[in-house]
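# Architecture at a glance
Each chain is listed here by its residues.
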Amino acid sequence: MTLLSVRDLCVTLETPEGPAPILEDVGFDLAAGGSLGLVGESGCGKSMTALAVMGLLPERAVATGEIVFEGCNLLALPEGALCKLRGRRLAMVFQEPMTALNPVKTIGAQVAEGLRWHLGLGRGEAEARAVKLLDRVGVPRPRFAPGLYPHQLSGGQRQRVVIAMALACDPALLIADEPTTALDVTSQAAILDLLAEVAAEAGLALLLITHDLAVVWQNTRSMIVMYAGRVVERGGTHEVFARMAHPYSRGLFAASPGALDAVLPPGRRLAAIPGLVPDPLHRPAGCVFAGRCPRAAADCLPAQPAERRLAPGHAVACLHPHLEATPA
């Protein structure tokens, strides 16, 4: 059953230089209990997609299209109705835990707050459940008292507290936006394992945002590659890895140490994608990746290529895709 359906999502941000198109015609489905990875460089629209789903877009941003969650178009809901969904049915884990935690409130109080607000629990019951949640995510008593403040914890421990807050009210969808960016390698692996474990236990859907293809390979069933606010490739994770068709997808693969480790011989060097993601105010009229693409041709310039189906569940928006298997 489809839990989240995004159709023709466009987000425009008003700037002093004029309207900047941040997202253009983004669409995807996520089933209940499923897992989807959004991949791309910084500035490609991954986080903006998540913020649109959560109803947390910047004040000057305008969204059009449809974001249907549990049968309801979130873009048509008033703020009061969204507030009842956020933290209850929709939850999000942000990149930097210190931005999501209140420095003057204890970790126990912050986990209990959502339980009191959304479920109407009394203080004692909410605090008791908060202790159990903290224990579940690896912040157990007595080593970590619920009376500690965020600054008394490490980065990995703070991220575990944020995960406990997100899981407190048994949401149907958990969005994790680069949840390991600020952590060391050991903590990154532990947090990703924790997210996969709790998602499987609770049967919730996971939308995982990352620039790391290895993270997507290990933690999602399907994936979307985004570039400059557009979806350029989509499909089942294993299918896309087996035959990455878009030149940008292959560029990300060649630049990802974690993805390369499993398939390339020792000594193979990483390859960088030349150039930068185009500014939203100055995107090319044709294929947005043409200026960085090794396969670009004259027919790439007039118009943005339409998505083409390569196989069941695997599609690419490219006039000159790679049709052979991913090189190993």
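Residues numbered from 1 in each chain as written. Predicted model: local features only at pLDDT ≥ 70, side-chain atom pairs only at ≥ 80, totals over all residues. Heavy atoms only, no water.

## A closer look at the sheet that holds strand E4 (residues 61-69)
Spatial ordering of the open sheet is given by E2-E1-E4-E5, a layout of four strands whose pairing is antiparallel. A strand with exactly one partner marks an edge of an open sheet, and here the two such strands are strand E2 (18-31) and strand E5 (72-73). In the packing of helix H1 (residues 46-54) onto the sheet, the strands contacted are strand E1 (2-15), E2 and E4, and the crossing angle to E2 comes to about 75°. (Pairing = 2+ DSSP bridges. Helix = DSSP H or I, 4+ residues; strand = E, 2+ residues; numbered from the N terminus. Contact = heavy atoms within 4.5 Å. Axes fitted to C-alpha atoms, helices over the stretch in contact; angles between N-to-C directions.)

## As for the pairing of E4
For a regular strand, side chains alternate in direction, first toward one face of the sheet and then toward the other. For E1 and E4, the ladder comprises eight bridges, and the chain directions are antiparallel. Across the sheet, residue valine 11 finds its bridge partner in E4, namely alanine 63. Here E4 hands over to E5 after two residues, with glutamate 70 in that stretch at a positive phi of 50°.

## Comments concerning the environment of glycine 275
Checked against the element boundaries, glycine 275 lands in the loop between helix H11 (257-261) and strand E11 (308-311). Residues glycine 275 and proline 97, 178 residues apart in the sequence, show an inter-C-alpha distance of 31 Å.

## Details of empty space enclosed by the protein
Applying the stated criterion across every chain, the model contains one cavity of 30 Å³ or more. The space that makes up the largest cavity amounts to roughly 90 Å³. Lining the largest cavity are 13 residues, and of these Cys287, Cys293, Cys300, Cys318 and Leu319 sit closest to its centre. (1 Å grid on protein atoms, 1.4 Å probe; cavity = no way out; pocket = protein on both sides within 12 Å on 5 of 7 lines; lining within 4 Å. Points joined across faces, edges and corners; volume = space filled by probe spheres on them.)

## Thoughts on the side chain of arginine 292
Tracing the backbone shows arginine 292 in the loop between H11 and E11. Here arginine 292 falls in the buried class, since its relative accessible area comes to 7%. A distance of 3.3 Å separates a polar atom in the side chain of arginine 292 from a polar atom in the side chain of tyrosine 227. With residues up to four places along the chain from it excluded, the contact list for arginine 292 reads Glu41, Tyr227, Ile273, Pro274, Gly275, Leu276 and Val277. (Buried < 20%, exposed > 50% of the residue type's maximum accessible area, 1.4 Å probe, protein only. Polar contact = N/O pair within 3.5 Å; in protein donor to acceptor, adjacent residues only side chain to side chain.)

## Observations regarding the packing of helix H6 (residues 155-167) against helix H7 (residues 185-202)
Two numbers describe how H6 lies on H7: the axes approach to 10 Å, and their chain directions differ by 15°. Regarding the angle of H6 to H7, the classification is roughly parallel. Where H6 crosses over H7, the two elements pack in a sense that is right-handed. Contacts between H6 and H7 involve Gly156, Gln159, Arg160, Ile163 and Leu167 on the former and, on the latter, Ser187, Ala190, Ile191, Leu194, Leu195 and Val198. For the contact of H6 with H7, the per-class residue count stands at seven nonpolar, three polar and one charged. (Parallel < 35°, antiparallel > 145°, perpendicular 65-115°, else oblique. Left-handed = near helix turned anticlockwise from the far one by under 90°. Nonpolar A, V, L, I, M, F, W, Y, C, P; charged D, E, K, R; others polar.)

## A look at H1
Taken across its nine residues, H1 has seven buried, putting it largely inside the fold. After H1 finishes, the residue glycine 55 shows a positive phi value of roughly 70°.

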